[in-house]
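Residue-level structural notes
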Amino acid sequence: MNMYKKWRTYRRGCIRILLLVLAGLMSLGQLQKIQLTNVSALYYHDFVILAVVVLSFPFLQNTWKWIIQKDWVRWFVRFVGIVAITLALAYMRYPVETWIIGVMYFSRLVVYSVFCLSLIALVRTRLVQRSEILRLSLVSTTLIAVAGLLQYFVIPDVRGLRFFGWDDHYFRAVSTLLDPSFTGIIVLIGFLISLQYFVKKRSTPIVLIAIAHFAALLLTYSRASFIALGAALIFLALQYNRLRKGVLFIFCLGVIGIFFLPRPASEGARLERLASVRARAVNTVNALQQLSPITLLIGNGWYLTNADRQTNNTITVISHSSSPDNSFLHVLQSAGIGGLIALVVLGYALFQSSRSLSLRTSLVAITVASFMNQVLFYPWILLILSQIIAQDEGLTT
């Protein structure tokens, strides 16, 4: 019995250290990227996640019967199963080197999915406290927000990133994620997490953290993130009567902040810009035109449409674009109508079972942003969402 307790304590210590390392690596964003090919890459945090999954496996086994009883988990499994089937069917339609790219993206989805369930198991067995999980999420987003503020004021000109396959930006907060749109939604989620802390206990550190997130969000000039913030605030006002005054204050502060944002000689800093709107419209129209009856029925395979286009492209520049801008269109294109239905039901079931302010508002914000940017399956979104889900499930233990 003593040996079991020692082993449990040792395993708990290892997992907590790994989660702390994960928070640090996540804050490094794309700076810890390992580029494998022009269209595929790994991150150092992927190895940490795999280690956490391996160490947590016995606890996941012990709590699996409790976890699988949840509707959203069952739909989660169905969604992953549909993606697996459509990817397997795509083997006959694509070259092996293209199909392997889809397998790599699918492997990440599976590992991140198991990571989410493992965190729930760790919270369920009291090996990790739900407060620890949420705190680590806030640490990651805070570091990304602070890095974005520093980058905006110290290195505002990052147009040179276009030589490495990224979009060129000037006087926009791109942080370590090297993209203002993804940085925007990440710091927005961090801001929503800080609101949950603020509602429970008002303290100066939390106020400063919330201000850092809010300022970084504004300086991304990401209209999709601004709209997602508006949707989250509307939801808060409708669902939490006691927070309406605070929501109104944040909304007014946001409007004033957007109105007085610096307008340097940069296309990206012009909120009335239309070039990106046209680009997204063209991207969406092209994706819709590629939807054949076969695609709607069995999909093209996970991430395979763009992977095939890029691997057959004669341009050898590294590309960081892997799917349509609309996350739901991406699922329809990759996994067919069955995959899209499973995803929608999964999202609804998860929202219905959620209890915490941070999870409910994050789901609203991510859903809205996903119509304009492919954020739903962005690694950082999946990881932070996994942590928020785990702390939410801790409320039922």
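Just above, that's the structure.
Structural notes, computed from the coordinates. (Residues numbered from 1 in each chain as written. Predicted model: local features only at pLDDT ≥ 70, side-chain atom pairs only at ≥ 80, totals over all residues. Heavy atoms only, no water.)

**A few points about the overall build of the chain**
Threshold: Runs of H or I in DSSP of at least four residues are treated as helices and runs of E of at least two as strands, each being numbered from the N terminus. Note on contacts: a residue pair qualifies if any of its non-hydrogen atoms lie within 4.5 Å across the two residues.
Secondary structure summary: the chain contains 15 helices and 2 strands in total. Partitioning the intrachain contacts of the chain with sequence separation of at least 6 by distance along the chain shows that 77% fall at a separation of at least 24.

**Digging into the pattern of salt bridges**
Where we set the bar: What counts as a salt bridge is simple: a side-chain nitrogen of Lys or Arg found within 4 Å of a carboxyl oxygen of Asp or Glu. Working definition: with a 1.4 Å probe on protein chains only, accessible area under 20% of the residue-type maximum means buried, over 50% means exposed, and in between means partly exposed.
One pass over the structure, following the stated rule, counts 5 salt bridges. A salt bridge links R159 to D157; the nearest nitrogen and oxygen atoms lie 2.7 Å apart. Here R159 falls in the partly exposed class, since its relative accessible area comes to 35%. For D157, a relative accessible area of 35% translates into the label partly exposed.

**Some points on the packing of aromatic side chains**
For the record, the criterion: Note on aromatic pairs: the rings of Phe, Tyr and Trp (six-membered ring only in Trp) are paired at centre separations within 6.5 Å, and the planes decide the class, stacked below 30 degrees, edge-to-face beyond 60, tilted for the rest. For a lysine, the NZ atom is tested; for an arginine, the CZ atom; a charge sits over a ring if that atom is within 6 Å of the ring centre and within 35 degrees of the ring normal.
Using the criterion set out here, one finds 17 aromatic pairs in the structure. A centroid spacing of 6.1 Å and a plane angle of 80° characterise the contact between F79 and W302, whose relative ring orientation is edge-to-face. Of this pair, F79 sits in helix α3 (residues 71-89) while W302 is found in the loop between α11 (293-298) and α12 (304-311), placing the two residues 223 residues apart along the sequence. Residue classification places W302 among the buried residues on the basis of a relative accessible area of 1%. Judged by centre distance (4.7 Å) and plane angle (40°), the rings of F328 and F371 are tilted. With a gap of 43 residues between them, F328 in helix α13 (residues 327-353) and F371 in the loop between α14 (357-370) and α15 (379-393) connect regions that are remote in the sequence. Three or more aromatic residues joined by ring pairs form one cluster here, namely F79, Y105, W302, Y303 and F377. If you follow R124 out to its NZ or CZ, it ends over the ring of W66, 4.1 Å from the centre. In this structure, R159 packs its charged tip against the face of Y170, placed 4.2 Å from the ring centre.

**Section: the packing of helix α5 (residues 130-154) against α15**
Quick reminder of the rule: In this description, a line fitted to the C-alpha atoms serves as the axis of each element, helices being fitted only across the stretch in contact, and the angle between N-to-C directions of two axes falls anywhere from 0 to 180 degrees. Each angle is binned into one of four classes, with values under 35 degrees roughly parallel, values over 145 roughly antiparallel, values of 65 to 115 roughly perpendicular, and all other values oblique. Helix crossings fall into two classes, left-handed where the near helix is turned counterclockwise from the far one by less than a right angle and right-handed where it is turned clockwise. Any residue that is not Ala, Val, Leu, Ile, Met, Phe, Trp, Tyr, Cys, Pro, Asp, Glu, Lys or Arg is counted as polar, Gly included; the first ten are nonpolar and the last four charged.
As a packed pair, α5 and α15 sit with axes 8 Å apart at the nearest point and diverge in direction by 150°. Relative to α15, the element α5 lies roughly antiparallel. Read as a crossing pair, α5 and α15 show a hand that is left-handed. Along the contact surface, α5 presents R130, I133, L134, L136, S137, T141 and I144, while α15 presents W380, I384, Q387, A390 and Q391. In the contact of α5 with α15, the residues fall into 7 nonpolar, 4 polar and 1 charged.

**As for the nonpolar core**
The condition that has to hold: We define a nonpolar core as any set of buried Ala, Val, Leu, Ile, Met, Phe, Trp, Tyr and Cys residues linked to one another through side-chain atoms lying within 4.5 Å.
Within the largest apolar cluster, 120 residues are counted, with the highest numbers of intra-cluster contacts made by L19, W72, F79, W302 and F377. Element by element, the count of residues in this core is highest for helix α4 (residues 96-124), at 14 residues. Among residues more than four places away in sequence, those in contact with W302 are F79, V83, L87, G102, Y105, F106, L109, H330, V331, S334 and F377. V158, L161, W166 and V174 belong to the second-largest nonpolar core, a separate cluster that totals 5 residues.

**Focus on unusual backbone geometry**
The phi dihedral of S175 is positive, around 55°, even though this residue is not glycine. Assessed through its relative accessible area of 6%, S175 is described here as buried. One non-glycine residue, Y303, lies in the positive phi region at around 65°.

**Examining α14**
Rule in force here: Here the expected span of a helix is defined as 1.5 Å times the quantity of residues minus one.
Taking 1.5 Å as the rise per residue, α14 with 14 residues should run 20 Å; its terminal C-alpha atoms sit 20 Å apart, in good agreement. α14 sits mainly inside the fold: 12 of its 14 residues count as buried. Taken together, the buried positions of α14 are L357, S358, L359, R360, T361, S362, L363, V364, A365, I366, A369 and S370. If you follow the buried residues of α14, they end up packed against α5, α6 (180-200), α8 (223-239), α13 and α15.

**Quick look at the environment of G336**
Note on placement: G336 falls in helix α13. As a C-alpha pair, G336 and I298 span 38 residues in sequence and 5.0 Å in three-dimensional space.

**Digging into the environment of A216**
Inspection of the secondary structure puts A216 in helix α7 (residues 204-219). Along the backbone, A216 and A173 are 43 residues apart, and their C-alpha atoms lie at a distance of 6.7 Å. Excluding its chain neighbours within four sequence positions, the residues that come into contact with A216 are A145, L149, A173 and V187.

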